[in-house]
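Breakdown of the fold
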Amino acid sequence: MADPQNLTISDDFSAADQNPLTSSSSGNPYSFITDQASFGLTRLQRISNRLAATSNASFGHVNTLYGADMSAGLTLATLPSTGGFIDIGVRLNGMSGLLSLAGYAARYTKGASSSTDTLNIGKVASGGFTSLLTPYTIPSFAAGDAIAIEVVGTTLYIFTRVGGTWAMVQSTTDSTYTGTGYIGLTIASSALRGDELF
């Protein structure tokens, strides 16, 4: 298990605003699933040095194929509205269509108050998210805090950075997806803004 404090920022979203983001062929490190619009998923956008949804639900993936052991995280500059969520996916494959997308994800969901926000590990398959554990309730999660997911072999970990301090809050094992894959982001809230991807 890696120390999330050692993760480096891969994108601080400081490039020019773009709504929506175009594919990596135009200089962005993100790609998209061809049929995602037909399922109501728009492309992500970059606005005022932040990553955001272009509607109530947007998706994009980093256009780099990573080794089987990988990690990803995001600082949340602003939190989603109540009931909104963000998925940070790892080992994602099946990028040819949304129903073939498969891998793992950490899901942060905004509760009615800061004491009811939750974080969970799940599997992504056939356009859906299936929890692997009972959701973890994050105490006092706030704007500027971060979440991260790591997969090493068959073990998955999720972390929070609350008030500047990292902590591992859930772990489990699963052997459904074991190979290389992509990192992806689903933002299901027009209020959420991502500050740093690492």
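Look above for the structure.
About the cut-offs
Residues numbered from 1 in each chain as written. Predicted model: local features only at pLDDT ≥ 70, side-chain atom pairs only at ≥ 80, totals over all residues. Heavy atoms only, no water. Helix = DSSP H or I, 4+ residues; strand = E, 2+ residues; numbered from the N terminus. Buried < 20%, exposed > 50% of the residue type's maximum accessible area, 1.4 Å probe, protein only. Polar contact = N/O pair within 3.5 Å; in protein donor to acceptor, adjacent residues only side chain to side chain. 1 Å grid on protein atoms, 1.4 Å probe; cavity = no way out; pocket = protein on both sides within 12 Å on 5 of 7 lines; lining within 4 Å. Points joined across faces, edges and corners; volume = space filled by probe spheres on them. Nonpolar A, V, L, I, M, F, W, Y, C, P; charged D, E, K, R; others polar. Phe/Tyr/Trp six-rings, centres within 6.5 Å; stacked < 30°, edge-to-face > 60°. Lys NZ or Arg CZ within 6 Å of the ring centre and 35° of its normal. Core = buried A, V, L, I, M, F, W, Y, C linked by side-chain atoms within 4.5 Å. Contact = heavy atoms within 4.5 Å.

Description of the side chain of Ser 31
The residue Ser 31 is located in strand E1 (residues 30–31) in this model. The class of Ser 31 is buried, set by a relative accessible area of 12%. Side chain to side chain, Ser 31 and Asn 63 meet in a polar contact 3.3 Å long.

Considerations on the layout of surface pockets
When its volume is computed, the largest pocket comes out at roughly 290 Å³. As for the largest pocket, its lining consists of 20 residues, of which Leu 41, Asp 87, Val 124, Gly 127 and Thr 186 are closest to the centre. For the lining of the largest pocket, the secondary-structure elements that each account for two or more residues are strand E6 (85–93), strand E7 (102–109), strand E9 (128–131) and strand E14 (182–188). A breakdown of the residues in the lining of the largest pocket according to their chemical character gives 13 nonpolar, 5 polar and 2 charged.

Considerations on the packing of aromatic side chains
In total, this model carries 4 aromatic pairs according to the counting rule given. Ring geometry for Trp 166 versus Phe 198: centroids 5.8 Å apart, planes at 90 degrees, classification edge-to-face. Of the two residues, Trp 166 is situated in strand E13 (residues 165–173) and Phe 198 in the segment after strand E15 (193–197); the sequence distance between them amounts to 32 residues. Assessed through its relative accessible area of 16%, Trp 166 is described here as buried. You can call Phe 198 buried: its relative accessible area is 9%. It is Arg 107 that lies over the ring of Phe 85; its NZ or CZ is 3.8 Å from the centre.

Section: the nonpolar core
Among the nonpolar cores identified, the biggest contains 36 residues, and Leu 76, Ile 86, Val 90, Tyr 108 and Leu 119 are the most heavily contacted of them. Looking at this core, the elements that each hand over two or more residues are strand E3 (50–53), strand E5 (70–78), E6, E7, strand E8 (118–125), strand E11 (146–152), strand E12 (155–162) and E14. In contact with Leu 76, other than residues within four places in its own chain, are Ile 86, Tyr 108, Phe 141, Ala 143, Gly 144, Asp 145, Leu 192 and Arg 193. Counting residues in each nonpolar core, the second largest holds 11 residues, with Ile 33, Leu 41, Leu 98 and Ala 105 among its members.

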